[in-house]
Structures are given as C-alpha cells and as structure tokens.
Amino acid sequence: MSTTSSETLSLDLRGDVAHLTAALMDIESVSGNETAIADAVEAALRALPHLSVLRDGDAIVARTSLGRAQRVVLAGHLDTVPLPTTPGSRGTVPSSWEGETLYGRGATDMKGGVAVQLALAAALTEPNADITYVFYDHEEVEASLSGLGRLVDHHPELLTDASFAILLEPTNGAVEGGCNGTMRFKVATTGTAAHSARAWMGENAIHKAAPILARLAAHEPATIHVDGLDYRESLNAVRIHGGVAGNVIPDRCEVEVNYRFAPSRSIEEADAYVRELLEGFDVERTDAAAGARPGLDVPAAASFVAAVGARALPKYGWTDVARFSALGIPAVNFGPGDALLAHSDNEHVEADAIRECLAALTRWLA
Ligand SMILES: [Zn+2]
C-alpha cells in the first residue's frame, strides 16, 4: 500500500482493526508531517453520513448529534516520534508482521488507538451516548504546538459539551486516570566572589546551597488519595549550577527543583507547599502545569470502568488528559499496547490487544 502527496489513501474502517492499524502506520506521520494521514482520516470520516466533520490544520473533529443525555470524547494524536536511525530496527515505516505481532513506528503510540477510534466511528451509527472523535497533530513535540491545544483555542464549543473524555494512549488495557501536576523552581543563593587563595575575603554561595539539598533529601514525598486513586508525589533537585572558575569563590548558586504534585492540589497550593519547605531561600517558580483529577466518580466514568472491566491506575507523567481536565472534563487514558515500548526502536503491539480495546469500547457505547 502506498500514497503520494497528490492522492489520498483510502482506509477500510470496517475490516480488521489490527490491519487498519498497519495501514495507518504505513503513512509516515512524524510530528510536523501529519498532512497525509490527516487527509486519509478526514476522507474516511466524511464518508460517514452520521458524523459532522471539521478540519483545523491537521486536526479533525467528528461528532454524532443524536441528542443523547451524555457526550463523550474519544481522542488520539496522529503524529509519531521520529523513525529509528539504527539500521535493521523494526519500529519504523513501513510496518511489518511477525505472526500476530505488528512492528513499526506508532504501533503502540498510538496508531492502534487511532484505528480503534476510526473503527468505532464507522460501526457506531447509533451509540448510546453522543461521541466526539478528536484526531490531532503535534502531540510528541513542545506543548505550544499541540493540535489539541489549538482546537481548544479555535473551537472550544466542539469539546466543552462533553462530560467525559478518553485518550486512547497505550495503557496495556488498563484505565489510567488523571495525572500529577508538575512545576519547576529556581532556588538561588548568593555570596561574595573572592580569590580562593584568600577565601576569607569572600562568601561561598555553593556552600550556602547545602541546606537546600539537605531539606530536599530529607523530605518524604506524600501519597495522596484522589477520587479513588493513590497519587505518589515527588520533590527533587534536578539540576545545580554554580561557580565560574577553579580558583574563584562562587558568588551565585542555583538549584533547579521539580515538584510532581497530586491532582488534588492547585498550582497555588503546590507552590505554597514548596515555598514553606524552602523557607528562607530565594525561590522563583519557572513553570507549572496543573494535574488532572481522575474523575472516576462521575457517572460516565464509572459506567466506562464497569463496562470495560479494567483496573484503574494513577498516571504519573503529565499527559493531555490535563487539557481536558482544564476544560472541566474528567479524562482517562485507555488504549492498546505497552507504553514502555512507545518511542523505542522495537515498537510493536499484539493484534489482539487492539481488537480487545475495540471490543471493550463497543460494549460500553453500543
Ligand atoms: Zn502518545
């Protein structure tokens, strides 16, 4: 199967979802190069008369309008990380099969999930909830480029009427709810520069940073129960910078601190917590992103977890579920494949994992 820039590949949404995954993987879509796959996805969705379809750049939103009591979002990104550079790597384009194992870039992250979205879009002409299917570009790069962020800016009305969202990122079939927030600080000490041969003339800023490190090392991070899940926090020095030469008493030292905080804490509360721990020091916050509550207590989420029969786990990294949470929409990750294989030279997925994900979501929505 091949495609050229002038011709849109046609996708078979009604065949085996594992083979649909392979067809999507064969369209190279490293971040920034999503147009061909977006064209193919858009064409396939526009052929379905029960959906209204909007395209924004290389992002696509397709919606049912059945007047159901609830609306859910099923979302996935179309891009992948770059192809492996090691010769002979199988996590590349095109895909290849070994028995029932599908190898190639995007096998787990996340063309299996996108294939499940597309198969559901075609099969569920009358789902029991209204569904908003979201496909977006630029997930694997800096957050400011995110196609999902752009959709939120340009077309919030297409997203905010949902009561629950599922991102089909790989979770090995588990439900991963919410995510921790993250923030960074610069904690600086100052001293007085002097020649190290006459150190008593100066004041050593690196030595003055020792209590910062001591407090961080002694700190016991909390585990916090939020909406039924336990979130384990982390607070760490992640970088340290100071000193100008081998014979100079340093007059400045900066410790960079990263705090991963439970989604029950607001940015302001998390900020205050760190400032209290590092009281007496010059603490400057350099960035922050709130976490996302798992929201497993909202009815749509509870019925989802029951229908798919999966265990619910907390998510530790920051993910796009937080973008939905910021819109007031509880969100979870649920998708085929092992996240530990994502981005690897050996990326692969079992065909049955993709089929089972489709079956589980069909049980919930049909
Ligand atoms: Zn991903």
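That block above? That's the structure.
Just so you know, these numbers come straight off a predicted model, no measurement behind them.

This model, assessed by the stated rule, comprises 24 salt bridges. Where arginine 355 meets aspartate 16, a salt bridge forms, and the shortest distance between an N and an O atom there is 3.0 Å. A residue pair is termed long-range when its members are at least 10 positions apart, and arginine 355 in helix α10 (residues 351–365) and aspartate 16 in the segment before α1 (17–25) qualify at 339 residues. Glutamate 254 serves as the salt-bridge partner of arginine 252, at 2.8 Å between the closest nitrogen and oxygen. The class for glutamate 254 is buried, based on a relative accessible area of 18%. The structure contains a network of salt bridges with shared partners spanning Asp39, Glu42, Arg46, Arg55 and Asp58.

As a further point, take helix α4 (residues 147–154). Taken residue by residue, α4 has Gly147, Leu148, Gly149 and Leu151 as its buried positions. Of the surrounding secondary structure, the elements contacted by the buried residues of α4 are β1 (52–56), β2 (59–63), β6 (130–136) and α9 (321–326). Measuring from the side-chain oxygen of the N-cap residue of α4 to the backbone nitrogen of leucine 148 gives 3.1 Å; that N-cap residue is serine 146.

Moving on, we come to the pairing of strand β12 (residues 229–232). Burial of β12 is one-sided: the residues Leu229 and Tyr231 facing one way are buried, the residues Asp230 and Arg232 facing the other way are not. The pairing of strand β11 (residues 223–226) with β12 spans four bridges and is antiparallel. Paired with threonine 223 across the two strands is arginine 232, which belongs to β12. The turn linking β11 back onto β12 is made up of two residues, and aspartate 227 within it adopts a positive phi angle of 45°.

This next bit is on the coordination of the zinc ion. Taken together, the protein ligands of the zinc ion are His77 (NE2), Asp109 (OD), Glu169 (OE) and Glu169 (OE), with distances of 1.9 to 2.7 Å. Of note, the donors binding the zinc ion are all from one chain and are spaced H-x31-D-x59-E. In this pair, aspartate 109 sits in the loop between β5 (101–103) and α3 (111–123) while glutamate 169 sits in the loop between β7 (164–167) and β8 (175–177), placing the two residues 60 residues apart along the sequence. A relative accessible area of 7% means that aspartate 109 is categorised as buried.

The next point concerns the sheet that holds strand β4 (residues 96–98). Strand order in the open sheet formed by three strands is β4-β5-β19, with antiparallel pairing between adjacent strands. A single partner strand is all that each edge strand has here, and the edge strands are β4 and β19 (348–350). Going from strand to strand, the sheet's axes swing by 25° on average, the running direction of each strand aside. Summarising the sheet, β4 and β5 pair through three bridges and their orientation is antiparallel. Of the residues in β5, the one forming a bridge with serine 96 is tyrosine 103. The strands that α1 touches are β4 and β5; relative to β5, the one it contacts most, it runs at about 10°. Packed on one face of the sheet, α10 meets β4 and β19 and runs near 60° to β19.

Each value, and the rule that gives it
Residues numbered from 1 in each chain as written. Predicted model: local features only at pLDDT ≥ 70, side-chain atom pairs only at ≥ 80, totals over all residues. Heavy atoms only, no water. Salt bridge = Lys/Arg side-chain N within 4 Å of Asp/Glu carboxyl O. Helix = DSSP H or I, 4+ residues; strand = E, 2+ residues; numbered from the N terminus. Buried < 20%, exposed > 50% of the residue type's maximum accessible area, 1.4 Å probe, protein only. Contact = heavy atoms within 4.5 Å. Polar contact = N/O pair within 3.5 Å; in protein donor to acceptor, adjacent residues only side chain to side chain. Pairing = 2+ DSSP bridges. Donors = N, O, S within 2.8 Å, 3.2 Å for Na, K, Ca; no water. Axes fitted to C-alpha atoms, helices over the stretch in contact; angles between N-to-C directions.

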